[in-house]
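Fold and contact review
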Amino acid sequence: SVKFRTSSRKSGVNSKKRSLNRIADDMFSGCEAIESIEIPEGILEIGESAFEGCNQLSEVSLPDGLVAIGKRAFCENRLKEVVFPESMLYIGDYSFQNFDDASYISEVVSLNPEPPYCYGFGSSDIYAHAVLSVPAGSKQKYLSHSSDWHLFSTINEIGQPGQLKILRLPTGLK
């Protein structure tokens, strides 16, 4: 399990505070021991291939405020679901591509009523088997958007327009 903390630091040359708001390209690429990730508020972008090849990664929590995920950012992992926050605007090419047919994502939730850019989300298995859930009243926008949302064979509308929130319960609750 990996948890990030945003931090501020002072530079010897410039004393203005800087905070971490981007996970760099390839930052954790190939880290096979990572099983889950909780990305904190304040992260705006996940770089290209940032978690590519983290083949034990089975859970990721994306924060409110995240606007972009780079190309192949979560490629080759064991994620079964992904929830994009309402702030999401861009999902890079093949960000969730897997070559192992048994490891495809089965549930995709986009909380943004306006479809983010998304081309080549993943393999054709994702489009054929995953359920895409979008805010009530936005299904037609996703179906007619110029990127690949229309390729999902099942698109459901959930919640009330403007009222959709995801409640995450800790695993192991009975």
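What counts and what doesn't
Residues numbered from 1 in each chain as written. Predicted model: local features only at pLDDT ≥ 70, side-chain atom pairs only at ≥ 80, totals over all residues. Heavy atoms only, no water. Pairing = 2+ DSSP bridges. Helix = DSSP H or I, 4+ residues; strand = E, 2+ residues; numbered from the N terminus. Core = buried A, V, L, I, M, F, W, Y, C linked by side-chain atoms within 4.5 Å. Buried < 20%, exposed > 50% of the residue type's maximum accessible area, 1.4 Å probe, protein only. Contact = heavy atoms within 4.5 Å. Polar contact = N/O pair within 3.5 Å; in protein donor to acceptor, adjacent residues only side chain to side chain. Phe/Tyr/Trp six-rings, centres within 6.5 Å; stacked < 30°, edge-to-face > 60°. pLDDT = per-residue confidence, 0-100.

1. So, the sheet that holds strand β6 (residues 45-46)
Read from one edge of the open sheet, 5 strands run β4-β6-β8-β10-β12, paired in parallel fashion. Two strands close off the open sheet at either side, each with one partner strand: β4 (22-23) and β12 (117-118).

2. Focus: the nonpolar core
In terms of nonpolar packing, the biggest core is built from 36 residues, with I46, F51, F74, F84, F96 and F121 touching the most fellow members. Elements supplying a minimum of two residues to this core: β9 (81-84), α1 (124-129) and β13 (131-135). Apart from the residues lying within four places of it in its own chain, the contact partners of F84 are L62, I69, I91, F96, V108, V109, S110, L111, F121 and W149.

3. Observations concerning the side chain of N98
For N98, the position within the fold is in the loop between β10 (90-91) and β11 (107-110). A polar atom in the side chain of N98 sits 2.9 Å from the backbone nitrogen of N77.

4. Section: the packing of aromatic side chains
Any pair of aromatic rings gets described here by the distance separating the centres and the angle formed by the planes. Summed over the entire model, instances satisfying the criterion amount to 9 aromatic pairs. Ring geometry for F51 and F74: centres 5.2 Å apart, planes at 10°, overall stacked. A residue pair is termed long-range when its members are at least 10 positions apart, and F51 in the loop between β6 and β7 (59-61) and F74 in the loop between β8 (68-69) and β9 qualify at 23 residues. Across the pair, exposure class does not vary: F51 and F74 are buried alike. Cluster of aromatic residues (ring-pair linked, three or more members): F28, F51, F74, F84 and F96.

5. Quick look at the confidence of the model for the protein chain
When pLDDT is averaged along the protein chain, the result is 83; 78% of the residues meet or exceed 70. Per-residue pLDDT stays below 50 along residues 5-17; that stretch engages in 17 contacts with residues further than four places along the chain or on separate chains.

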